[in-house]
Amino acid sequence: RATGGGRWLPWLGLALLPLAVPPAAAPPGGCPSACYCVATPELVQCRYERLEEPPKELPVTVHNLSIAGSNLSILHPAAFAARPLPDLRLLRLRHDNIQTIEDMALQGLPSLRTLDLSHNPLLWVAAGAFAGVPLLRTLQLNQALLAAPLEDQLALALRNLSLQRLELAGNGLRALPAALLPAGLEELDLRNNSLQRLTAAELRSLEAPGLRGLRLTLGANPLSCDCALRPFLAWLRATATRVPDARSLRCAAPPPLRGAALLRLRPEGLACTANEGGEPGRLETASYVFFGIVLALIGIVFLMVLYLNRRGIKRWLHNLREACRDQMEGYHYRYEQDADPRRTSAIGTP
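A brief structural summary. In this text, all values refer to a predicted model and were calculated from it rather than measured experimentally. (Residues numbered from 1 in each chain as written. Predicted model: local features only at pLDDT ≥ 70, side-chain atom pairs only at ≥ 80, totals over all residues. Heavy atoms only, no water.)

### Description of the state of the cysteines
- Enumeration over the complete set of coordinates arrives at three disulfides.
- Between the sulfur atoms of Cys-227 and its disulfide mate Cys-272 the distance is 1.9 Å. Handedness of the Cys-227-Cys-272 disulfide follows from its S-S torsion of about 135°: it is right-handed. Within this pair, whereas Cys-227 is found in the loop between strand S13 (223-224) and helix H5 (230-238), its partner Cys-272 is found in the loop between strand S14 (251-253) and helix H6 (279-308), the two being separated by 45 residues in sequence. (Disulfide = S-S within 2.5 Å. Helix = DSSP H or I, 4+ residues; strand = E, 2+ residues; numbered from the N terminus.)

Right under this line is the structure:
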């Protein structure tokens, strides 16, 4: 029995060997504990983990990084450069309460091509916020410019980039952000803003040498179909290919044209009123003002004539009253004569 039991000892030692050897350390750059990696470490998603700063332990080979529902608040310099991420191409930072982007915040991401900062209450963007990402081609700022006017700050921050696509949907814009249109821009998303029209000056800026190939999306804007829209309507008919959603554009005002397709309207059919803000409307307003001034002057002259001739008018009124009184007395006398019974009986006696 002893001999038989001895035969099992080598096998027992092999079974206990893994317990005696400490486990190997996790490879550097593994999936962060607050995130999860989809399929491979090249796609990392950190959703609603309430992170105060970007995760430090990211896979070196990550291509796409998405952080959503956190409280990043401030992107400090080199916020993602705890370990170089040379292959990161897409960075999504949606709903992360980002308010400030400091200089060199994206340092260490040399291959970044797409940056999504949508749905963040941006308050400050430093002039060097996007320095260090020379390959950035797509910037998404949908519903990110509602907290503060950042057009001038963004214009400085984007001056050295070669953007191809810029998304500014849902920001309540009332005019074309010409300062944010770098030469070479190919796509501009302005859907769901507060644009009533594109003015003649804005249309001229779209014909600049570096923007002639720019495509606009303008859906869900409250377009006002009055005479001030005529330049934009003419431009839209001539360059409909530059507005992919041109056929879906609808009028929001005035009430008779609400819901009408923009491309089905005729420019000469767009009416002008005094309160629509176009040049013809302003001319009509001026004509009404001039007419009112003329009527006021006529009234003043009439009152002055009455005042200067007040004595003659008073005498005329007195004479008119006396004449009326004499006439009434004559009528009254004849009435009494005709009503006298003695006169009636004398006329009736043969």
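### A word on the pattern of salt bridges
- According to the stated counting rule, one finds 10 salt bridges in the structure shown.
- A salt bridge links Glu-187 to Arg-165; its shortest N-O distance comes to 2.5 Å. Pair noted here: Glu-187 is in strand S11 (residues 187-189) and Arg-165 is in strand S10 (residues 165-167), with a separation of 22 residues, a long-range link.
- By relative accessible area, Glu-187 is classed as partly exposed at 27%.
- For Arg-325, the salt bridge identified is with Glu-322, shortest N-O distance 3.7 Å. Note that Arg-325 and Glu-322 are positioned in helix H7 (residues 310-339) at a spacing of three residues, about one turn of the helix.
- Accessibility expressed as a relative area gives 25% for Glu-322, which makes it partly exposed.
- A network of salt bridges, in which partner residues are shared, links Arg-165, Glu-167, Glu-187 and Arg-215. (Salt bridge = Lys/Arg side-chain N within 4 Å of Asp/Glu carboxyl O. Buried < 20%, exposed > 50% of the residue type's maximum accessible area, 1.4 Å probe, protein only.)

### Let's talk about the pairing of strand S3 (residues 64-68)
- Extensive coverage of S3 is indicated by the burial of four of its five residues.
- Examined bridge by bridge, strand S2 (residues 43-47) and S3 share five bridges and lie parallel to one another. The residue bridging Val-44 from the neighbouring strand is Leu-65, located in S3.
- Where S3 lies against strand S5 (residues 90-94), five bridges are found, and the strand directions are parallel. Bridge pairing in S5 links Ile-67 to Leu-93. (Pairing = 2+ DSSP bridges.)

### A word on the sheet that holds strand S9 (residues 138-140)
- Ordered by their spatial adjacency, nine strands build an open sheet running S1-S2-S3-S5-S7-S9-S10-S11-S12, and the pairing between neighbours is mixed. Looking at the sheet topology across the chains shown, the edges are occupied by strand S1 (36-37) and strand S12 (215-217).
- For S1 and S2, the ladder comprises two bridges, and the chain directions are antiparallel. Bridge assignment links Cys-37 to a residue of S2, and that residue is Val-44.

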